[in-house]
Structure formats: structure tokens, C-alpha cells
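Examination of the molecular architecture
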Amino acid sequence: DPNVFGSVYNTLITKLTANGAKGLVVNVPYITSIPYFTTVQYNVVPLDAATSTQLNGATGYGAYNAGIVQAFAYLVSNNLMTQANADAEIAKRTINFHAGSDNAVVIMDKDLTDLTAINSALISMRQATSEDFIVLPASSFIGTKVGGNPSYVNGVTVPLEDKWVLSKKEASQVKTATDAYNVTIQSLSVSKGLAFVDSKAILNQVANGGYTANGFTMTSAYVKGNSFSLDGIHASPRGYALDRKSVV
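Calculation rules
- Residues numbered from 1 in each chain as written.
- Predicted model: local features only at pLDDT ≥ 70, side-chain atom pairs only at ≥ 80, totals over all residues.
- Heavy atoms only, no water.
- Axes fitted to C-alpha atoms, helices over the stretch in contact; angles between N-to-C directions.
- Helix = DSSP H or I, 4+ residues; strand = E, 2+ residues; numbered from the N terminus.
- Parallel < 35°, antiparallel > 145°, perpendicular 65-115°, else oblique.
- Left-handed = near helix turned anticlockwise from the far one by under 90°.
- Contact = heavy atoms within 4.5 Å.
- Nonpolar A, V, L, I, M, F, W, Y, C, P; charged D, E, K, R; others polar.
- Core = buried A, V, L, I, M, F, W, Y, C linked by side-chain atoms within 4.5 Å.
- Buried < 20%, exposed > 50% of the residue type's maximum accessible area, 1.4 Å probe, protein only.
- Salt bridge = Lys/Arg side-chain N within 4 Å of Asp/Glu carboxyl O.
- Expected span 1.5 Å × (residues − 1).
- Arc of directions from axis to C-beta.
- Polar contact = N/O pair within 3.5 Å; in protein donor to acceptor, adjacent residues only side chain to side chain.
- Patch = residues over 30% accessible without salt bridge, like charges linked within 9 Å, V, L, I, M, F, W, Y side chains within 5 Å.
- Areas by Shrake-Rupley, 256 points an atom, 1.4 Å probe, with all protein chains shown as cover.

**Observations concerning the packing of helix H1 (residues 2-16) against helix H6 (residues 168-191)**
The geometry of H1 relative to H6 is characterised by a closest axis approach of 9 Å and an angle of 25° between their N-to-C directions. Judged by the angle between their axes, H1 and H6 are roughly parallel. Handedness of the crossing formed by H1 with H6: right-handed. Contacts between H1 and H6 involve Pro2, Phe5, Gly6, Tyr9, Asn10 and Ile13 from the former and Ala180, Tyr181, Thr184, Ile185 and Leu188 from the latter. When its residues are assigned to classes, the contact of H1 with H6 shows eight nonpolar, three polar and no charged.

Listed below in C-alpha cells is the structure:
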């Protein structure tokens, strides 16, 4: 809660600056700018024609696709949802594969309408889009088999759990909270006479075009961008040097 954050942060800064102590505060960057959330693309599933046809058929997602149409028809007929909203969610939830290397992974999404009371097989899943963020550790998880069974493939026939994905809606909520936190941080830096580092602006520059200094161009690209360590979250030595340079 931004109000709780504001209260706690104000208390901390007040205590730290007691008796005239000075210091420096740093705001919060957007986490969706870091490699942990931007390296693994949403459409990384390679399929041949035979496999994609099977996945789209009656023994694959064909039954699920037909089931959601029936379920939303029930909701509309009972005046529990408008047809426009039903059509929009059907389009979002319809799962379809094709022959090629760029199929979208299947994910769970808790913000979808819960249809399991109508049909227990209609769990809240959909294919990811370019507006979702797949976390870095998923790179070694997508495509693995559950219990070695080739029929149960993570991200394909088994949807990725919430922990593997920051959905578009979740990312928006994080951004809104981050903006609110940063208003508090900057306001207190002014009222308490503290130095202020706009870490968000620095990282935005690194993530959008890069930052060049001393013959090096620093970007947010994983490994090759010079800015982040292998966990995709913490800065590399050169990344921390950029932070310190910004402070000076």
C-alpha cells in the first residue's frame, strides 16, 4: 500500500536525519526494465506441423476452446456477462498453435473469469502475449517434461504457474505502486534537504538505447549489455560504477 510505504519511509528518513545528519536517497526503477523480466520471450515454443495439429485437435486444446465458448454463452444467456466482454475473453483465452518456432507459451492467469464452477476442466489459462513478462529462470523450465512424460510439457500442454510470469495486469499494478513510492521518496528528499538519485531515469536510459561512457555502451541486454550480473537483477561491477558515477 503506497500510504503504508509513505508512512514507514517518512519515519525512517526522520530518524536517519535526526541531529542534522545528511545523506542521499535513491528512487525505485521499473522492474520490467531489467533482464530478469525481459530476456525470455513469450513466443519461444518450436512446433512441427504434426504436433501443432495434434495440440489444436479434439485431444488437445480443441475441447478447451469449445468449452470456453459454451461457458461464456451460458454466462451471457443468464445475464451474468455482456456479449462484448464474453467475446473479448474468448479471444484472449483461445489457444492455438502453428508450425514454426514462435508459438506463445501457455500460462495461468488468475485475473481471467473463473469458469471451473461451470466446467472443472476450464482452468484460467491462456497463451502469453508480448505484454506479459516471462521471468529469467523459466528459460530452463519451458519445454521440460513433467515426470518425464512427453505428453505433459511445461509451457505447452501444462500451463506455466503464476510464479513464472508477470502478467500485463500485474506489471501495470507494479508500475502504479512504483510511481507512488517514488513520489514519496523524491518529496522527502526535498523536504529533508537530501541528495536525490533518479535511479529510474538512469535505468530507463540503459534499457532504451543504452548509456555510453569510457568507451563502453551499457544496455539492459542479458550478459552482453555490461550492466547486470548473471541473475538479471543485480548490477554488474560496471553497472554499480555507473550508479556511483551518477551519484557523484
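Next comes the rest of the description.
**Re the nonpolar core**
If you look at the biggest cluster of nonpolar residues, it comprises 47 residues, and the most contacted ones within it are Phe72, Phe97, Val105, Ile134 and Ile142. Top contributing element to this core by residue count: helix H4 (residues 62-77), with six residues. Ignoring sequence-local partners within four residues, the contact set of isoleucine 134 consists of Tyr36, Phe37, Val40, Gln41, Tyr42, Val105, Ala128, Ile142, Trp164 and Val165. Counting six residues, the second-largest nonpolar core is a separate cluster that includes Ile13, Val25, Ile185 and Leu188.

**Looking at the pattern of salt bridges**
What the rule picks out here adds up to eight salt bridges. As a salt-bridge pair, arginine 126 and aspartate 109 come within 2.7 Å of each other at their nearest N and O atoms. One end of the pair, arginine 126, is in strand S5 (residues 125-127); the other, aspartate 109, is in the loop between strand S4 (106-108) and S5, and 17 residues separate them in sequence. The burial state of arginine 126 is the same as that of aspartate 109; both residues are buried. Among the salt bridges present, the one from aspartate 162 reaches lysine 110, with a minimum N-O distance of 3.6 Å. Residue aspartate 162 is located in the loop between strand S6 (133-134) and strand S7 (165-166), and its partner lysine 110 is located in the loop between S4 and S5; the two are separated by 52 residues in the primary sequence. The exposed category is assigned to lysine 110, whose relative accessible area is 56%.

**Notes on the packing of H4 against helix H5 (residues 83-93)**
With their axes 10 Å apart at the nearest point, H4 and H5 run at an angle of 165° to one another. Relative to H5, the element H4 is oriented roughly antiparallel. Remark: the crossing between H4 and H5 carries right-handed chirality. Packed against H4, whose contacting residues are Tyr64, Asn65, Ile68, Val69, Phe72 and Val76, the element H5 presents Gln83, Ala86, Glu89, Ile90 and Arg93 at the interface. Residue classes in the contact of H4 with H5 are distributed as seven nonpolar, two polar and two charged.

**A word on H1**
Compared with the 21 Å implied by 1.5 Å per residue over 15 residues, the 21 Å span of H1 between its first and last C-alpha is a close match. Among the residues of H1, those classed as buried are Gly6, Tyr9 and Ile13. Projected onto a plane normal to the axis of H1, the buried residues spread over an arc of 75° and lie on a single side. Turned more than 90 degrees from where H1 packs its buried face, Asn3 and Lys15 sit exposed. Buried residues belonging to H1 abut strand S1 (24-26) and H6. Looking at where H1 begins, the residue whose side-chain oxygen comes 2.8 Å from the main-chain nitrogen of asparagine 3 is aspartate 1.

**Regarding unusual backbone geometry**
Here the phi dihedral of asparagine 79 falls at roughly 60°; this positive angle occurs in a residue that is not glycine. Within the fold, asparagine 79 resides in the loop between H4 and H5. With relative accessibility at 70%, the residue asparagine 79 sits in the exposed group. One non-glycine residue, valine 223, lies in positive phi territory at about 65°.

**Things to note about a nonpolar patch on the surface**
Nonpolar side chains collect at one region of the surface, where Val4, Val8, Leu12 and Leu16 lie side by side and expose about 380 Å² of accessible area between them. Examined against the element boundaries, leucine 16 turns out to sit in helix H1.

**Focus on the environment of glycine 193**
Relative to the helices and strands, glycine 193 resides in the loop between H6 and strand S8 (195-197). Sequence separation between glycine 193 and glycine 155 is 38 residues, and the spatial gap between their C-alpha atoms is 50 Å.

**Some words on the environment of leucine 136**
Looking at the secondary structure, you find leucine 136 in the loop between S6 and S7. Using a relative accessible area of 10% as the deciding quantity, one classes leucine 136 as buried. Considering only alpha carbons, one finds leucine 136 and glutamine 41, 95 residues apart in sequence, at a separation of 9.5 Å. For leucine 136, the residues in contact, after removing those within four places along its chain, are Pro35, Tyr36, Thr39, Val40, Tyr222, Leu230, Asp231 and Gly232.

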